Structure formats: C-alpha cells, structure tokens
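# Working through the structure, step by step
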Amino acid sequence: LCEYASGDYFLPNVITIGEKQYVCPHNAQEIVVIENEKIVERIPLIKELEQMGAFYAAAPIGEILYLIPYKYPAIVRYDTQEKKLTYIKGYNDIFVKCVPETGEWRVGGGGVCKNHLLIASPTDHQVLAIDNDTGNIKILAIGNNKDIGCIGLVLENENIWMLPYSGKIIRKWNPVTGECREY
C-alpha cells in the first residue's frame, strides 16, 4: 500500500462501501481507496501528529466512513459520495482516558446502532452518540456511575450489550427506552 505498510501502518480490516474498498489508517494519516484490485485514490488527512497510534478503528454507516481516533485529535468523517472530510473535534476525552490507578491509556468500545455511531468511555458510564443523518452529537449517561468502563459494544436487536474493561458487570442497554440492566 505504501513504503511504510509494515508496522501497523493500516488497520487490519478493509471496509467495502459500494464498489470500493477503503483501507483505513492505524499509524498512517491517509485513507487508501481500492477498486478492481488497484489503488485508485489516496485521501490524505490533516497531519496532526508524528507518533504511532493515530486511529484504533473504523466504522461505516451507509456511504459514510468514520475513523475513530486514539491519539489523533479528532473523529474523522468521510463522505464517500461527496468525497468530503469532516473533523469532529472536542470529544476524544469521552472515549480515550487514562486509568489513574495504573497510568494505562484506554479506548472505549464502539459500534453502530440505528444510524448512530456510538463510542463508550473506557472508565465510566458515558457514551458519545453521533447521529449520522443530522450530525448532532450527544453525550449519554448509561446506567449508574460505576467506574467499570466499556471495552466493547455488542448489538442484539434493540439492545446493546456493554462489555466491561474490568470487573464482572455486563450492561444490557436499550437506547430507545433508555433502560439499562446490569448482570
């Protein structure tokens, strides 16, 4: 893909939208577009850092591709039809946090539910919700404020299972009703 392709330069999964495949950055700061097994475009991002760990995941919603950052200072939204990049700044501190007891940096789990990108906090009960249609952003408080954090979101019908970073409490959250049960 490029001269720096080794060393986790790109995320291991490729996202298909329409007829094109999108290779998303991990340490890189560009999106590589592949069509018919050939690189057809490179979409450079604003160069914001010179260290490893820019992004940790990517998620598609329809024709939109989201890059979820670790050290990069913004969520990147790429409209694959309009070919437009948008940088959503000011929210990383919801889902990228340092655990005070260990000094370890963690990133919360994410997923897509009903046209919303959801990214949970790794240390508390907050979830960042981005409406893909309107661009509206909300910070939701899920359940009570037990400092367990969320490493993964698993969607099941109308519910989202929130897997903890530590401990044994699993939450089952219904984003429509707001009901949250702990198991």
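Please refer to the structure placed before this passage.
What comes next concerns the included structure. As the structure is a computational prediction, the values presented were derived from the model and not from experiment.

### Here we look at the overall build of the chain
Within the chain, the regular secondary structure consists of one helix and 18 strands. A compact globule built from 183 residues would reach a C-alpha radius of gyration of about 16 Å, and the chain, at 17 Å, matches this within 12%. On the principal axes, the C-alpha backbone points of the chain span a range of 50 × 35 × 25 Å. Considering only contacts in the chain between residues 6 or more positions apart, those separated by 24 or more positions represent 37%. For the chain, the exposed surface amounts to about 9700 Å²; the carbon and sulfur share of it is 49%.

### Notes on the pairing of strand E6 (residues 64-69)
In terms of burial, E6 is a largely internal element, six of the six residues being buried. In E6, alternate side chains face the same way, and those of Ile64, Tyr66 and Ile68 on one face and Leu65, Leu67 and Pro69 on the other are all buried. Taking the residues between adjacent antiparallel strands as the criterion, strand E5 (residues 55-61) and E6 are bridged by two residues, where Gly62 takes a positive phi near 60 degrees. Sheet analysis places E6 next to strand E7 (residues 74-79), joined by four bridges and oriented antiparallel. Across the sheet, residue Leu67 finds its bridge partner in E7, namely Val76.

### Here's the deal with a nonpolar patch on the surface
A cluster of nonpolar side chains, contributed by Ile151, Val154, Leu163, Ile170 and Tyr183, occupies part of the molecular surface with about 400 Å² of accessible area. Mapped onto the secondary structure, Ile170 falls in the loop between strand E16 (159-164) and strand E17 (171-173).

### As for the pairing of E5
For E5, the tally of buried residues reaches five of seven residues, placing the bulk of the element in the interior. Strand direction decides the pairing type here: E5 and E6, joined by six bridges, are antiparallel. When the bridges of E6 are listed, Pro60 appears paired with Leu65.

### Here we look at the side chain of Lys97
Along the chain, Lys97 turns up in strand E9 (residues 96-98). Among the residues examined, Lys97 registers a relative accessible area of 16% and is labelled buried. Separated by 2.9 Å, the side chains of Lys97 and Asp124 make a polar contact. The contact partners of Lys97, leaving out residues within four places of it in the chain, are Glu104, Trp105, Arg106, Ser121, Pro122, Thr123, Asp124 and Gln126.

### Quick notes on the sheet that holds strand E14 (residues 137-141)
One open sheet accounts for four strands, arranged E11-E12-E13-E14; its pairing is antiparallel. Unpaired on one side and paired on the other, strand E11 (110-113) and E14 mark the two borders of the sheet. In this sheet, neighbouring strand axes are inclined to one another by 25 degrees on average, regardless of whether the strands run parallel or antiparallel. Inspection of the sheet shows E11 paired to strand E12 (residues 116-120) by four bridges, in the antiparallel sense. Along E12, the bridge assignment pairs Cys113 with His116.

About the cut-offs
- Residues numbered from 1 in each chain as written.
- Predicted model: local features only at pLDDT ≥ 70, side-chain atom pairs only at ≥ 80, totals over all residues.
- Heavy atoms only, no water.
- Helix = DSSP H or I, 4+ residues; strand = E, 2+ residues; numbered from the N terminus.
- Rg over C-alpha atoms; globule rule 2.2 N^0.38 Å.
- Contact = heavy atoms within 4.5 Å.
- Areas by Shrake-Rupley, 256 points an atom, 1.4 Å probe, with all protein chains shown as cover.
- Buried < 20%, exposed > 50% of the residue type's maximum accessible area, 1.4 Å probe, protein only.
- Pairing = 2+ DSSP bridges.
- Patch = residues over 30% accessible without salt bridge, like charges linked within 9 Å, V, L, I, M, F, W, Y side chains within 5 Å.
- Salt bridge = Lys/Arg side-chain N within 4 Å of Asp/Glu carboxyl O.
- Polar contact = N/O pair within 3.5 Å; in protein donor to acceptor, adjacent residues only side chain to side chain.
- Axes fitted to C-alpha atoms, helices over the stretch in contact; angles between N-to-C directions.

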